[in-house]
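# Remarks on the overall topology
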Amino acid sequence: MKTFFTINLGCKVNLFETNAITYQLVKQGYKHVDDINKANIVLINTCSVTNKADAKSRNMINRAKQAKLKPIVLVMGCFSQVNKEWFKKNKVDIVIGCQYKNKIVDLLKQYLKNHKPIIKINQNIKSFEEFKCFKHLDNTRAFLKIQDGCNFFCSYCLIPYCRGRQRAMKHAHVLQAIKQYVKQGYKEIVLTGVNTAGYKDGNYTFYNLLKDINNLKGNFRVRISSLEPFQIDKKIIDLLASNPNRWANQIHLCLQAANNQILKDMNRKYTIEQFKSLCKYIRNKMHSVAITTDYIVAFGNETQQQFYDSLKNLKDINFANMNVFIYSRRKGTVADKKYVKDINPLIARERYNKVVGLKQQCQKQYLKSLIGKTLQVIVERSKTPLMHGYSSEFVKVVFRSSKNLQHHQINVKITDLKFDGQNYYLLGKKQ
């Protein structure tokens, strides 16, 4: 009963948790396998951000239950947190929600002792759960969850109901974890959370944390996973701009909508004018910065005029990249109660395609601006002679080398732009 297989769905917070759980199990003598049919135990970290994510979570649970060795199936995460009733009809060996993920080893021991199903879901999560030890076994880029939960209750979003209210890792532990990652040889560390910039440890703020990280010794860069525009001020941007070797030259600002009425209906905390002003300030401070975003199409009763207004604003902002989604109704949210009927799916798909088309135009324009520049690239995959990695701007770069440079940070002069059918990437020469 010592082999296990992991399935991770959803966000970078889940990715950190799954990595930490994997490391803890390996330390206890379990063997991590890459084939579900060779596993005695299957761990699924689920997502519930959209209906599609729910469906994928259910499919993965069913796939695990049908695996060759009839494994113990342990399900955790947002889907299980808000779908306790589903598990009464669809039996699983161990079910937890968004708490007790740092207790997986103990839960498995408990199950193996009496073979009785375990359902352990706390509906009132208050404390930040830390892992005693964590290490990434496979990735070049190391993730660190510094914050969990959200207090904002955007009208479309289920996450505050899944993850609970804001809470954070103690800042001394964050700094110690970063030092640990650097000692292990990681060249890039990603700070992640449900609401990363909402980090607060007593009176110690996100800005305080960034200042202390800025002063740490070592050759490594830090990427911040996603930021709410209303939580970022000029002093944070100034700090990031002051040390380009420490901070990734990418800022992911969650826009979600580009029309003021839609933003208001979403219960977002800014106007499109404020968002544009912030982007202008960032670009003035950080040369060639990649500003990326998340965007929802066809929310609520979005009119055709609101959509065209949004397209114009998106063109003006000119993102380096966008994650685009069609609005997904989530039961129990304010938007679910307010908007009885969704926009016609054909119209929603047409609007989605137009935004994706604009995204590709903007992405191509941004990447073209990088041709001739020298970028710092961390190699994540090596298939000699081709090296594949990501620059500080979080742009995929491919270059040639006779040596295997995986995990190394290399200066690469960009020479050309390519398209793989879905996304653009850059070609370059090692300097």
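Parameters at a glance
Residues numbered from 1 in each chain as written. Predicted model: local features only at pLDDT ≥ 70, side-chain atom pairs only at ≥ 80, totals over all residues. Heavy atoms only, no water. Buried < 20%, exposed > 50% of the residue type's maximum accessible area, 1.4 Å probe, protein only. Helix = DSSP H or I, 4+ residues; strand = E, 2+ residues; numbered from the N terminus. Arc of directions from axis to C-beta. Contact = heavy atoms within 4.5 Å. Polar contact = N/O pair within 3.5 Å; in protein donor to acceptor, adjacent residues only side chain to side chain. Core = buried A, V, L, I, M, F, W, Y, C linked by side-chain atoms within 4.5 Å.

## Considerations on helix 8 (residues 206-214)
Burial in helix 8 covers these residues: F206, Y207, L209, L210, I213 and N214. Taken around the axis of helix 8, the buried residues stretch over an arc of 160°, which confines them to a single face. For helix 8, the elements touching its buried residues are strand 7 (141-148), helix 7 (171-183), strand 9 (188-193), strand 11 (204-205), strand 12 (221-224) and helix 9 (234-242).

## Examining the pairing of strand 9
The buried count for strand 9 comes to six of six residues, which makes it a mostly enclosed element. With burial as the criterion, each face of strand 9 is covered, one bearing E188, V190 and T192 and the other bearing I189, L191 and G193.

## A look at the environment of N249
For N249, the location among the structural elements is in the loop between helix 9 and strand 13 (250-252). Residue class for N249 comes out buried when judged on its relative accessible area of 12%. The spacing of N249 and V95 is 154 residues in sequence and 40 Å in space, taken between C-alpha atoms. Apart from the residues lying within four places of it in its own chain, the contact partners of N249 are M286, H287, S288, V289, A290, S392 and E393. Side-chain polar atoms of N249 contact the backbone oxygen of S288, separated by 3.3 Å.

## Remarks on the nonpolar core
One broad trend across soluble globular proteins is that nonpolar side chains are buried collectively. Within the largest apolar cluster, 98 residues are counted, with the highest numbers of intra-cluster contacts made by L144, L253 and L255. Ranked by residue count, the leading element in this core is helix 11 (residues 272-285), at six residues. Excluding its chain neighbours within four sequence positions, the residues that come into contact with L255 are L263, R268, Y270, I272, F275, T293, D294, Y295, L314, I317 and F319.

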